[in-house]
Amino acid sequence: DNPLGITPRLTNMRHLKILDLQNTGIRHVPPGLFSLRELTIADLSNNAIRHIDTGIFEVPADIFHALDWGGNPLSPQSRSLLRRYRQRMGVQVES
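A quick note: this is a predicted structure, and the numbers were derived from the prediction, not measured.

In terms of helices and strands, the protein carries two helices and three strands. Starting at the N terminus and walking to the C terminus, you meet the elements of the protein as β-β-α-β-α. The C-alpha radius of gyration computed for the protein amounts to 13 Å, which stays within 12% of the reference 12 Å derived for 95 residues, consistent with globular compactness. With the C-alpha coordinates of the protein rotated into their principal frame, the extents come out at 35 × 30 × 25 Å. Expressed as a percentage of the 95 residues in the protein, the buried residues total 39%. For the protein, restricting intrachain contacts to residue pairs at least 6 apart in sequence, the fraction spanning at least 24 positions comes to 43%. As displayed, the protein offers around 6000 Å² of accessible surface, 50% of which is attributable to carbon and sulfur atoms.

Among the structural elements, Gly90 can be located in the segment after helix H2 (76-89). In the structure, Gly90 is positioned 68 residues away from Gln22 in sequence and 27 Å away in space, judged by C-alpha atoms.

The rules behind the values
All residue numbers here refer to positions counted from 1 along the written sequence of the relevant chain. Totals for whole chains, interfaces and linings use all residues, but because this is a predicted model, local features are given only for residues with pLDDT of at least 70 and pairs of side-chain atoms are given and counted only at 80 or more. In computing side-chain values, all of the structure's heavy atoms are included and hydrogens and water are not. To qualify as a helix, a DSSP run of H or I must reach at least 4 residues; to qualify as a strand, a run of E must reach at least 2; elements of each kind are numbered from the N terminus. Radius of gyration here uses only the C-alpha atoms, and the compact-globule reference equals 2.2 Å multiplied by the residue count raised to the power 0.38. Burial status follows relative accessibility: with a 1.4 Å probe on protein chains alone, a residue under 20% of its type maximum counts as buried, one over 50% as exposed, and anything between as partly exposed. Contact definition: two residues touch when any of their heavy atoms are within 4.5 Å. Each accessible area is a Shrake-Rupley result for a 1.4 Å probe, and residues are judged covered by the shown protein chains and nothing else.

Pasting the structure below:
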């Protein structure tokens, strides 16, 4: 575990390619995450994130695949939002 205390802002990190925030105890999606277009890996797993906002709909499908939400207590609304995104973008979930 690597507790951060606060969620980092990614707004000015436009060229970020790898983001590893697993097990950091964050509770919110990092501001600026959905505007990063060069991400290849974004591990947000095993945190306390409950809410994902509609900004997810601005994320291209290839970036969406880079996002790992596993192990977060996502709210039913957030799970529904992710399902709607997958349907809208035709994104298949890998087993």
